[in-house]
Structure formats: structure tokens, C-alpha cells
Amino acid sequence: MIKRLELQTTSRIQLVDITAQVKGILRNEEISSGIITVYVPHTTCGVTINENADPSVKDDIIALLGKLVPAGGEYRHAEGNADAHIKASLLGSSVNVIVESGSLILGTWQGIFLAEFDGPRKRSVLIKVLPG
Ligand code: ZN
């Protein structure tokens with residue numbers, strides 16, 4: 001069964017910490033070990049795991065992606081959001097996390113982030129739990 005998180009982003013570009021919501025979904029599943037896949041079915045947002053203790057890490061990631069792929073660059077995609085598509089591909093559309101004893105195995109400083117690159121929008125995050 002696929003679980004779905006719905007969220008509303010509030011800026012064109014932002015990293016939204018969804019760790020607590022993913023843990024909440026896992027708590028309602030009856031599995032003690034396996035893999036959880038967190039996937040975003042969108043072309044202009046991604047998902048990534050990184051530090052959620054110091055918020056400046058998020059700012060640095062966003063700033064560097066902005067330098068690598070500027071919003072006003074020369075792109076062929078006529079919709080005007082080519083940078084968002086490229087940034088989404090750079091981060092990827094899913095992450096897998098190991099589940100053990102019913103808990104996500106994340107490092108002390110790790111969190112799961114939805115990476116919005118063309119907001120604000122309503123976004124869906126799909127979560128599949130694979131017992132094993
Ligand atoms: Zn587009």
C-alpha cells in the first residue's frame with residue numbers, strides 16, 4: 001500500500017523537513033524491519049537527506065544550486081522553469097531509508113527534505129514501505 005503526504009510549499013525554492021511526517025506514517029505501519037521509499041511524483045521538486053540540525057546547511061544547498069543552475073539562465077524549455085527541472089534531477093526524486101525495530105535508521109543529524117524548486121505549490125510525497 002502506498003501512503004501519501006500532501007503539503008503546501010510557501011516559496012519558489014525551499015527545503016521542507018518532512019522527517020516527522022514520514023516517521024508518523026511509519027508508526028502506523030505494522031513492520032519492524034524493511035526499507036521505506038520516499039518518492040515525489042513531480043518534475044520540479046526532489047527529495048534529499050541531509051542535516052536538519054543547523055538550518056544554514058539548507059541555505060547553503062539552495063544557494064549553491066542557484067549558482068550552478070541560475071533561474072535566469074539560457075534554457076530551451078519555454079515554460080520558464082528550466083532551472084527547477086534541472087535542480088530536481090540533480091537531487092533526484094526518491095530516497096530509501098532502512099527501517100529497524102520499527103524506526104527509521106537516520107544519522108543523528110539527518111533529516112528527509114522535500115526540495116521545492118518551483119513553488120509555492122501543493123505537493124505530494126508518496127511513501128512505500130517494503131517489509132523484509
Ligand atoms: Zn517546466
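This text goes with the structure placed above it.
Position numbers for residues start from 1 in each chain and track the written sequence from start to end. Owing to the predicted nature of the model, reporting of local features is limited to residues with pLDDT of at least 70; listing and counting of side-chain atom pairs is limited to 80 or more, with chain, interface and lining totals taken over all residues. Here the side-chain values reflect all heavy atoms present in the structure, with hydrogen atoms and water set aside.

### Focus on the coordination of the zinc ion
Put simply, the ideal angle at a metal is 109.5 degrees for four donors in tetrahedral geometry and 90 or 180 degrees for six donors in octahedral geometry.
And then number 1: Protein coordination at the zinc ion comes from His77 (NE2), Glu79 (OE), Asn81 (OD1) and His85 (NE2), with a distance range of 1.8 to 2.2 Å.
And then number 2: Metal coordination here is assigned from N, O and S atoms located within 2.8 Å of the ion, or within 3.2 Å for Na, K and Ca; omission of water means that sites may look incomplete. Irregular is the label for any site that misses the other tests, which are tetrahedral for four donors with all angles between 85 and 135 degrees, and square planar for four donors or octahedral for six when opposite donors exceed 155 degrees and the remaining angles lie between 65 and 115. Classification of the site at the zinc ion as irregular follows from its 4 donor atoms and the range of 89 to 152° in their angles at the metal.
And then number 3: Counting the intervening residues between successive donors of the zinc ion yields the motif H-x1-E-x1-N-x3-H.
And then number 4: In this scheme, a residue with accessible area under 20% of its type's maximum is buried, one over 50% is exposed, and one in between is partly exposed, where area comes from a 1.4 Å probe on protein chains only. Taking the relative accessible area as the measure of exposure, His77 reaches 37% and is therefore partly exposed.
And then number 5: Assessed through its relative accessible area of 22%, His85 is described here as partly exposed.

### Quick word on the sheet that holds strand E3 (residues 34–39)
And then number 1: Reading across the sheet, the 5 strands line up as E1-E8-E3-E5-E6 and stay open at both edges, with antiparallel pairing between neighbours. The sheet is open, and its two edges are formed by strand E1 (2–8) and strand E6 (103–104), each paired on a single side.
And then number 2: Strands are treated as partners if at least two bridges between them are detected by DSSP. Helix and strand assignments follow DSSP, with helices taken as H or I runs no shorter than four residues and strands as E runs no shorter than two, numbered in order from the N terminus. Where E1 lies against strand E8 (residues 122–131), 7 bridges are found, and the strand directions are antiparallel. Residue pairing for E8: Lys3 is matched across the bridge by Ile127.

### Some points on unusual backbone geometry
And then number 1: Following Gly119, the chain continues into Pro120 via a peptide bond in cis, with omega recorded as -5°.
And then number 2: Along the chain, Pro120 falls in the loop between strand E7 (110–116) and E8.
And then number 3: In the Ramachandran plot, Ser101 falls in the positive-phi region, its phi being about 50° despite a non-glycine side chain.
And then number 4: Structurally, Ser101 is set in the loop between strand E5 (94–100) and E6.

### Re the pattern of salt bridges
And then number 1: For this analysis, a salt bridge means a side-chain nitrogen from Lys or Arg found within 4 Å of a carboxyl oxygen belonging to Asp or Glu. In the structure shown here, the tally under the stated rule is 7 salt bridges.
And then number 2: Notably, a salt bridge pairs Arg12 with Asp83, separated by 2.9 Å at the nearest N-O pair. In this pair, Arg12 sits in the loop between E1 and strand E2 (14–17) while Asp83 sits in helix H3 (residues 82–91), placing the two residues 71 residues apart along the sequence.
And then number 3: Residues Asp118 and Arg121 are paired through a salt bridge, measuring 2.8 Å at the closest nitrogen-oxygen approach.
And then number 4: Three or more residues joined by partner-sharing salt bridges are found here, namely Arg12, Asp83, Lys87, Asp118 and Arg121.

### Focus on the environment of Ala115
And then number 1: Assignment of secondary structure puts Ala115 in strand E7.
And then number 2: The spatial distance from the C-alpha of Ala115 to the C-alpha of Glu100 is 26 Å, given a sequence separation of 15 residues.
And then number 3: Residues within four places of Ala115 in sequence aside, it is in contact with Gln14, Leu15, Thr44, Cys45, Gly46, Val47 and Leu91. The contact definition used throughout considers only heavy atoms, calling two residues in contact when any of these lie within 4.5 Å.

### Considering H3
And then number 1: Turning to H3, its buried residues are Ala82, Asp83, Ala84, Lys87 and Ala88.
And then number 2: Backbone geometry just after H3 places Gly92 at a positive phi near 95°.

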